[in-house]
There are 2 protein chains.
Amino acid sequence: MKKPTISDLAQAAGVSKTTVSHAFSGRRHVDPETRERIEKIAQEIGYRPNRAAQHLRTGRTGMIALASSMPFSVAAGPSRLGFLMEIAATAAVASLTRNMALCLIPPFQSGAQLDAITPDGVILVEPFQDDPLVQHFTGLGVPVVSVGRVPGREDIPHVDLNSGATARMVLEHLRASGATRIGLVTGEQRRNSYIETEAAYRAFCDEIGIEPACLQLNESGGEDLAAEAVASLLSRRGDIDALYVPVDAFASGAVTAAASKGLKIPQNIRLATRYDGLRAKLSRPPLTAVELHLEAIADLAVGLLMAAIDGEVAGLVSAPQPELVLRASTAS
Amino acid sequence: MKKPTISDLAQAAGVSKTTVSHAFSGRRHVDPETRERIEKIAQEIGYRPNRAAQHLRTGRTGMIALASSMPFSVAAGPSRLGFLMEIAATAAVASLTRNMALCLIPPFQSGAQLDAITPDGVILVEPFQDDPLVQHFTGLGVPVVSVGRVPGREDIPHVDLNSGATARMVLEHLRASGATRIGLVTGEQRRNSYIETEAAYRAFCDEIGIEPACLQLNESGGEDLAAEAVASLLSRRGDIDALYVPVDAFASGAVTAAASKGLKIPQNIRLATRYDGLRAKLSRPPLTAVELHLEAIADLAVGLLMAAIDGEVAGLVSAPQPELVLRASTAS
DNA sequence: ACCGTTTAGCAAATCGGTTTGCACGAATCA
DNA sequence: TGATTCGTGCAAACCGATTTGCTAAACGGT
């Protein structure tokens, strides 16, 4: 009735626990014939090593965690959720193939709550400067890797999202499609992607000699806040004829704002976003976006984390080249 | 340097490990004064019980898993993902408040892969008949609860989605909004929500004396398959003036199909869906949908699972009353 | 014939908690 | 006063793996 243990298996196979352990782990040589016999009997009696026992001995938990500092439940949630969850889905598969469970850390939990989770490592999605999650886990000595650099923390391995290059690509596309005054809408949190995007944007404006028009919105405000803020920007700066709005929820708001101003997309104003989720695809007109290759990114992040857990000093890894997905919102 | 253990704490407090253990677990009475001293010192030296050790002894892993049998990566994925992930987000919070980690099980993994995950219990989201995941975990003796009944498995506790009543509500709304011939589009997998929905639909058709028009689509086909299939249904049955399409990805397809047939929504054909996600909201026109209260459902599911883990014979729990979200797609 | 080196396998210690059985003193009861 | 209970705490067994140190046999070279 009870689950068979390594002792049961050892007894059934007529060897010691040690030999069984070595047969499975390969840490020491075991006669191939013996190993086969052990494996066969293991099959028969349905032996599965007890994870808790393994973890106690090895000091590992066999679990990695995925966290985002974006509240799940705020207005911007569903959109961010798309981004995060696309990563989660791939990461779950990637960890499982490495024999690890992937668990989800809800954002902004108190430290005491987080104690329930003792992962071998953590993947943080687009953390911001002084992110409390970074502090919590690095403080505990748990390896952390991030998707998107942690601003001000060069020591944390990450998958680089190349946000600067992405911004450049989008801005140049907007210009090529006929725009002459391009505005930028990002978030208020100091995430690296915003920082890099803004830097690239300012450099671009400088180069072509236009006055930057930059909006930084509270991410919890979501679509509605963006609609309002963008409308007021468009009133102030009637010359704007294109917007790069990396956060897709904000881009939805921008669509609304344009409509309220009687501006047609793309005739009067062009619009491009970054994350190519449902919002970009279903928008009217559909929005030009960037294929970030989130699956590949998630895979890289898991790999990076595994290396970090194994004590390898990993640096950064670059995400695959982002690609423009051209849609009607930036047609010339 | 090393993390303090229970022995260290016991020594520092001048008591035995036993007393420390009891002080924390409350399984036996400990002098309040002693307990306080222990807790104070625990704070000071930063003692945290080693989860692996606890798990080994208690036979628990402190982890519950969330699984859906819907492939993450197929065309219908992003939509299903929304549904699943809304539940995941809430469930993650709910489990953490109960001192459990929530981990994600990617669908359709081989049994060998799944071995990496040994949860104390599993929440299955809308499983279908003979779902392999149900078999896998019940076979392992792991408590399983589901969101939506498992067809043919009355023994598995679940949060009832009341799909029959939901269908009835939507169908009556469609009729009230002027529809006389209502069609139904569901999925091919035998999920309980489809079964109940179809039954309610047939009963409804019987009652008002219309010929049922029912489509069951392969869920991996997603939007494109639905567009095609619905278009052909509309050709066959030109009298249809309303559709209930519970799966939102299919509903998107139906929108496309209607457009391709030159039918206006809602003038020529009314359209309602179930899951009120981004698709329903962003569709043109926006789709009438059903507020299922997924957060509450997730919460209930976690509670149910905890009870099951603690050996309580839990039955079913009913989800909160679903509510219609009226939108332009069914305006009369 | 001797010594060194593999090869194969075992016994016992170990990880850090929880739980059981028992001891000892103080309080309560007959 | 002797017997019983209660409160408090300890020592040791236990959970099921991994890992270390050791033995004994087989093999090969000189």
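Everything that follows concerns the structure shown earlier in this document.
The residue count restarts for each chain, going from 1 along the sequence in the order it is written. Written order determines the labels here, with chains lettered from A and ligands numbered from 1. Local features in a predicted model are, by the rule used here, given only for residues with pLDDT of at least 70; side-chain atom pairs are given and counted only at 80 or more, and totals for whole chains, interfaces and linings are based on all residues. Heavy atoms from the whole structure form the basis of all side-chain values; hydrogens and water molecules are not counted.

Asks: Requested: an account of helix H3 (residues 32–45) of chain A, with residues and values cited.
Replies: Residue and element names in this part refer to chain A. Elements are defined by DSSP. Helices are runs of H or I of four residues or more, strands are runs of E of two residues or more, and each kind is numbered from the N terminus. Working rule for helices: expected span equals 1.5 Å times residues minus one. With 14 residues, H3 should reach 20 Å at 1.5 Å per residue; the first-to-last C-alpha distance of 20 Å fits that figure. Here the term buried applies to any residue with accessible area under 20% of the maximum for its type, exposed to any over 50%, and partly exposed to those in between, with areas from a 1.4 Å probe on protein chains only. Among the residues making up H3, those that are buried are Thr34, Ile38, Ile41 and Ala42. Seen from one end, H3 has its buried residues packed into an arc of 110°, which puts them on one side. Among the exposed residues of H3, those oriented more than 90 degrees off its buried face are Glu33, Glu36, Lys40, Gln43 and Glu44. By the convention used here, residues are in contact when the closest approach between their heavy atoms is within 4.5 Å. Each element contacted by the buried residues of H3 is listed here: helix H1 (6–13) and helix H2 (17–25). Pairing of N or O atoms within 3.5 Å defines a polar contact, subject to two protein rules: one partner must be a possible hydrogen donor and the other a possible acceptor, and residues neighboring in sequence count only if both atoms are side-chain atoms. Capping the start of H3, aspartate 31 holds a side-chain oxygen 2.8 Å from the backbone nitrogen of glutamate 33, two or three residues further along. Remark: glycine 46 follows H3 within two positions and exhibits a positive phi of approximately 75°. Each C-beta atom gives one direction from the helix axis, and the arc is the one those directions make.

Asks: Break down the relation of the copies chain A and chain B for me, with residues and values.
Replies: Of the two same-sequence chains, chain A is brought onto chain B (RMSD 0.2 Å, axial shift 0.1 Å) by a rotation of 180°. Viewed as a symmetry operation, the transformation between the two copies matches a two-fold axis. The rotation axis passes nearest to the C-alpha of Cys103(A) in chain A, at a distance of 1.9 Å. A shared binding surface is used by both copies, with 100% of the interface residues of chain A retained as interface residues in chain B. Our superposition of the copies is a least-squares fit, built on the C-alpha atoms of residues whose pLDDT is at least 70 in both.

Asks: Help me get a handle on the protein's contact with DNA strand D, residues and values and all.
Replies: Only heavy atoms are used to decide nearness, and a residue is near a molecule or strand if one of them lies within 4 Å of it. Around DNA strand D, 29 residues are found, and the nearest of them are Ile6(A), Arg57(A), Thr18(B), Thr19(B) and His29(B). The sugar-phosphate backbone supplies 53% of the atoms of DNA strand D found within 4 Å of the protein. Within the backbone of Ile6(A), a nitrogen or oxygen atom sits 2.3 Å from a phosphate oxygen of DNA strand D. Here Gln54(A) contributes a side-chain N or O atom positioned 3.3 Å from a phosphate oxygen of DNA strand D. For the surface near DNA strand D, the elements supplying multiple residues, two or more each, are H2 and helix H4 (51–58) of chain A together with helix H2 (17–25) and helix H4 (51–58) of chain B. At 5 residues, H4(A) tops the list of elements feeding residues into the surface near DNA strand D.

Asks: I'd like a description of H2(B), backed by residues and values.
Replies: Residues and elements named next belong to chain B. If you check which residues of H2 are buried, you get Val20, His22 and Ala23. Looking straight down H2, one finds its buried side chains confined to an arc of 165°; they lie on one side. On its buried side, H2 packs onto helix H1 (6–13) and helix H3 (32–45). Backbone geometry just downstream of H2 places glycine 26 in the positive-phi region, at approximately 75°.

Asks: So what's going on with the protein's contact with DNA strand C? Which residues, and what values?
Replies: Taken together, 29 residues lie around DNA strand C, and Ser16(A), Thr18(A), Thr19(A), His29(A) and Ile6(B) are the ones closest in. Each atom of DNA strand C within 4 Å of the protein was classed as base or backbone; sugar and phosphate made up 52%. Take Lys17(B): an N or O atom from its side chain is 3.4 Å from a base oxygen of DNA strand C. Between DNA strand C and the protein, one listed contact pairs a base oxygen with a side-chain N or O atom of Arg28(B) at 2.9 Å. Looking at the surface near DNA strand C, the elements that each hand over two or more residues are H2 and H4 of chain A together with H2 and H4 of chain B. Considering every element that reaches the surface near DNA strand C, the biggest residue donor is H4(B), with 5 residues. When residues are grouped by polarity, Ala, Val, Leu, Ile, Met, Phe, Trp, Tyr, Cys and Pro land in nonpolar, Asp, Glu, Lys and Arg in charged, and all others, Gly among them, in polar. For the surface near DNA strand C, the residue count by class is 8 nonpolar, 13 polar and 8 charged.

Asks: How would you explain the sheet that holds strand S10 (residues 288–291) of chain A if you had to name every residue and give the values?
Replies: All names here are of chain A. By the convention used here, strands pair only if DSSP detects at least 2 bridges between them. If you walk across this open sheet you meet the 6 strands as S7-S6-S8-S9-S10-S12, and the pairing is mixed. In this open sheet, the two edge strands, each paired with only one partner strand, are strand S7 (214–217) and strand S12 (323–325). Put simply, the sheet's adjacent strands are angled 20° from each other on average, direction ignored. For every element, the axis is a line fit to its C-alpha atoms; helices are fit only across the contacting stretch, and the angle between N-to-C directions ranges from 0 to 180 degrees. Here helix H8 (residues 163–176) sits on the sheet in contact with strand S6 (182–187), strand S8 (242–245), strand S9 (270–275), S10 and S12, set at roughly 160° to S8. Running over the sheet, helix H10 (residues 222–236) touches S6, S7 and S8 and is turned about 160° from S7.

Asks: Before we move on, can you summarise unusual backbone geometry with the specific residues and values?
Replies: Looking along the chain, the bond that leaves Ile265(A) and enters Pro266(A) is cis, with omega of 5°. The topology assignment puts Pro266(A) in the loop between helix H11 (248–260) and S9. Residue Arg284(A) is joined to Pro285(A) through a cis peptide bond whose omega torsion reads -10°. The topology assignment puts Pro285(A) in the loop between helix H12 (278–282) and S10. Non-glycine residue Asp130(A) carries a positive phi angle of around 55°. Here Asp130(A) is to be found in the loop between strand S3 (121–125) and helix H7 (132–139). For His293(B), which is not glycine, the phi torsion reads 65° and is therefore positive.

Asks: Break down the interface of chain A and chain B for me, with residues and values.
Replies: A common way to express how large an interface is: the accessible area buried when the components associate. With 35 residues of chain A at the interface, the matching set in chain B holds 35 residues. Interface of chain A and chain B: buried area, both sides summed, is about 3400 Å²; carbon and sulfur atoms make up 73% of it. Among the residues of chain A in contact with chain B, Leu96(A), Leu278(A) and Leu282(A) are the three that bury the most area, contributing 18% of the side total. At the boundary of chain A with chain B, the tally comes to 2 residue pairs in polar contact (both at pLDDT 80 or more). For the side of chain A that touches chain B, the secondary structure elements donating two or more residues are H4, helix H5 (77–97), strand S2 (101–105), helix H6 (111–114) and H12 of chain A. What counts as buried area is the accessible surface, traced by a 1.4 Å probe, that two parts surrender upon association, with contributions from both included.

Fair warning: the whole summary comes from geometry, so function is off the table for now.
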